[in-house]
Every structure is written in structure tokens, then in C-alpha cells.
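Examining the three-dimensional arrangement
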Amino acid sequence: MLGPISRPSTFAPRGLPLQRSAAAQFDEVVAIEVTRLEKRLPQVVARVEFAIEDVPNLDLDATEIPLTHATGGTSHEPYRIVVFRRPIELRAERSGAGLSWLVRSALVLELADVLALSPEQIDPDFDTDDD
């Protein structure tokens, strides 16, 4: 990196940029939304492992790009929900929806699907028409 962002100062020691990366910002949004869900349903979220990947690994004939993917849920392993950063960021940019709202919606819908519950049971404030 060149320019004032990469220059050492009292605010940014050598090698530390003043801005966080998009990935770091996304990680924080996911962490906030998972914490919010965990406060609401601690016994449910405790059975789920969350992960973040940049993009999904798709088959060549895939017609839709997923925002999340769930695996596991057997007696030997917990559910694992993977949140895909780039598809969510791109959809948020195109639709004008807030990033945190889109992450929240994706997590609630995936949890509801995995646990065979309605989205409203996962999050009573859930509303697909929110912006």
C-alpha cells in the first residue's frame, strides 16, 4: 500500500492501515448478528457452528448463488452454517439493502430451515420486507 494510509503515525503504527478491510467489516457484522441471535436463543445457537467464506464452491450448472450453506446436524457433529461474504456484499450493493439486514435475514432463514422452525420462531422481529 502506498500513500497516507500506510505511513506510520501515532494513530497507525508501522504496517497497520487506518481502515479495516471489507472482510474484517463483514466479519464484525456477522459476529454482531450471531451474538444477537445467541442472546435470543442461546440453546439453539449453542448447537450451531458459524463460519465465513468469501465465495461458495459451485457446480458448473448452478443457477443460483447461495448466501449461506448448512451442513452437519448429526449426532457426531453440530450444525455448521457458512455465510458467503461476496454474494451478500454484492446483493446488498445492488438491492440497496443494508448489509447487516441482509446478513441477519440470511442467518435467520438458514437457521429456520436447518432447525425446521419458522423464521418468526428464530427471530420474532423477522420481516422479509425490512430495508
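Residues numbered from 1 in each chain as written. Predicted model: local features only at pLDDT ≥ 70, side-chain atom pairs only at ≥ 80, totals over all residues. Heavy atoms only, no water.

1. Focus: helix 3 (residues 85-95)
What counts here: Only protein chains enter the accessibility calculation, which uses a 1.4 Å probe; a residue whose area is less than 20% of its type maximum is buried, one above 50% is exposed, and one in between is partly exposed. By definition, any uninterrupted DSSP run of H or I lasting at least four residues is a helix, any uninterrupted run of E lasting at least two residues is a strand, and each is numbered from the N terminus. Should any heavy atoms of two residues lie within 4.5 Å, those residues are counted as being in contact.
Buried within helix 3 we find Arg85, Pro87, Ile88, Glu89 and Ala92. On the buried face of helix 3, the contacting elements are helix 1 (22-40), strand 1 (48-53), strand 3 (79-84) and helix 4 (99-115).

2. Here's the deal with the nonpolar core
A general feature of soluble globular proteins is that nonpolar side chains tend to end up buried together. Worth spelling out the cut-off: We define a nonpolar core as any set of buried Ala, Val, Leu, Ile, Met, Phe, Trp, Tyr and Cys residues linked to one another through side-chain atoms lying within 4.5 Å.
Core analysis: the largest hydrophobic core is formed by 28 residues, its most contacted members being Leu37, Ile88, Val103, Leu107, Leu111, Leu115 and Ile122. No other element matches helix 4, which puts 10 residues into this core. Beyond its immediate stretch of four places on either side in the chain, Leu107 contacts Glu33, Val34, Leu37, Phe50, Ile81 and Val83.

3. Concerning the sheet that holds strand 3
Rules: DSSP bridges decide pairing: two strands pair if at least two such bridges lie between them. Throughout, an axis means a line fitted to C-alpha atoms (over the contacting stretch in the case of helices), and angles, computed between N-to-C directions, take values from 0 to 180 degrees.
Ordered by their spatial adjacency, 3 strands build an open sheet running 1-3-2, and the pairing between neighbours is mixed. Of all the strands in the sheet, the pair left with one neighbour each is strand 1 and strand 2 (68-72). Pairs of neighbouring strands in the sheet enclose a mean axial angle of 20°, with direction left out of account. Inspection of the sheet shows strand 2 paired to strand 3 by 5 bridges, in the antiparallel sense. By the bridge assignment, Gly72 is partnered in strand 3 with Tyr79. Each of strand 1 and strand 3 is contacted by helix 3, which is oriented at about 50° to strand 3, the strand it contacts most.

Spatial relationships are all this shows, so hold off on functional conclusions.
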